[in-house]
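A closer look at the structure
Listed here are the chains, written in short residue letters.
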Amino acid sequence: MINGDANNCGPARFGGGILVVDGIIYASAPSNVYAIDARDGTLLWHYYWKTRGGTALQTRGVGVWHNYVYFSMHDDWVVCLDAKTGKELWTSTVVDYTQGSAITSPPTIVKNLVVTGFAGGEYGVRGAIVAPASPGFYTHPDSVDDMVDFVASRVFDLCGIDNALVARWGER
């Protein structure tokens, strides 16, 4: 049963969206992600995120794509887990939290992209992150032009339109 004992922080308080995929409930609580059997409430796996710093210890929900569960943390990381085991597959820092930023929304899955943004505009923080949902690649644009080129390039790619706006995997 889910009672928060796994990290000694008291009862779990689910926050943000809760997803149900193929009879599995994926839910998040501060610094935790859970997979629960929807039929009987059995905890299938639990993942605990040890904060790297930042403004808060919260996640606002998860995103699921194929066999991957994604979540983002206020300390400005995106984490990818194996949906069946809860094993961490990869992590990626989105932005440097020391500049006043915080990720305040769950990752959104659009086709084969993981999209997340971050707050902090009042401190001069800018930008967004768009990543393929498969492990190993993300972008952190240096300018609005870079961000527009990257997003436009991904849209062209998804539509099968040849373009040379950004380098592709392996073209560096």
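Given the structure is predicted, the values throughout are model-derived calculations rather than measurements. (Residues numbered from 1 in each chain as written. Predicted model: local features only at pLDDT ≥ 70, side-chain atom pairs only at ≥ 80, totals over all residues. Heavy atoms only, no water.)

**A short note on the pairing of strand β10 (residues 113-117)**
Sheet topology places strand β9 (residues 108-110) next to β10; three bridges connect them, and they run antiparallel. Among the inter-strand pairings, Val-110 is bridged to a residue of β10, identified as Leu-113. Between the end of β9 and the start of β10, which pair antiparallel, lie two residues, with Lys-111 showing a positive phi angle near 55°. (Pairing = 2+ DSSP bridges. Helix = DSSP H or I, 4+ residues; strand = E, 2+ residues; numbered from the N terminus.)

**Quick word on the nonpolar core**
One broad trend across soluble globular proteins is that nonpolar side chains are buried collectively. Among the nonpolar cores identified, the biggest contains 16 residues, and Tyr-26, Val-33, Trp-45, Tyr-47, Val-69, Phe-71 and Leu-81 are the most heavily contacted of them. For this core, the elements supplying multiple residues, two or more each, are β2 (24-29), β3 (32-37), β4 (43-48), β5 (62-65), β6 (68-72) and β7 (77-82). Broken down by element, the residue count for this core peaks at three residues, all from β7. Among residues more than four places away in sequence, those in contact with Leu-81 are Val-33, Trp-45, Tyr-47, Asn-67, Tyr-68, Val-69, Phe-71, Gly-86, Lys-87, Glu-88 and Leu-89. Ranked by size, the runner-up nonpolar core spans ten residues in total, among them Tyr-70, Val-78, Trp-90 and Val-94. (Core = buried A, V, L, I, M, F, W, Y, C linked by side-chain atoms within 4.5 Å. Buried < 20%, exposed > 50% of the residue type's maximum accessible area, 1.4 Å probe, protein only. Contact = heavy atoms within 4.5 Å.)

**Quick word on the sheet that holds strand β1 (residues 19-21)**
If you walk across this open sheet you meet the four strands as β1-β2-β3-β4, and the pairing is antiparallel. Edge positions in the sheet fall to β1 and β4, since each has one partner strand and no second. Geometrically, the sheet is characterised by an average inter-axis angle of 20° between neighbouring strands, direction not taken into account. (Axes fitted to C-alpha atoms, helices over the stretch in contact; angles between N-to-C directions.)

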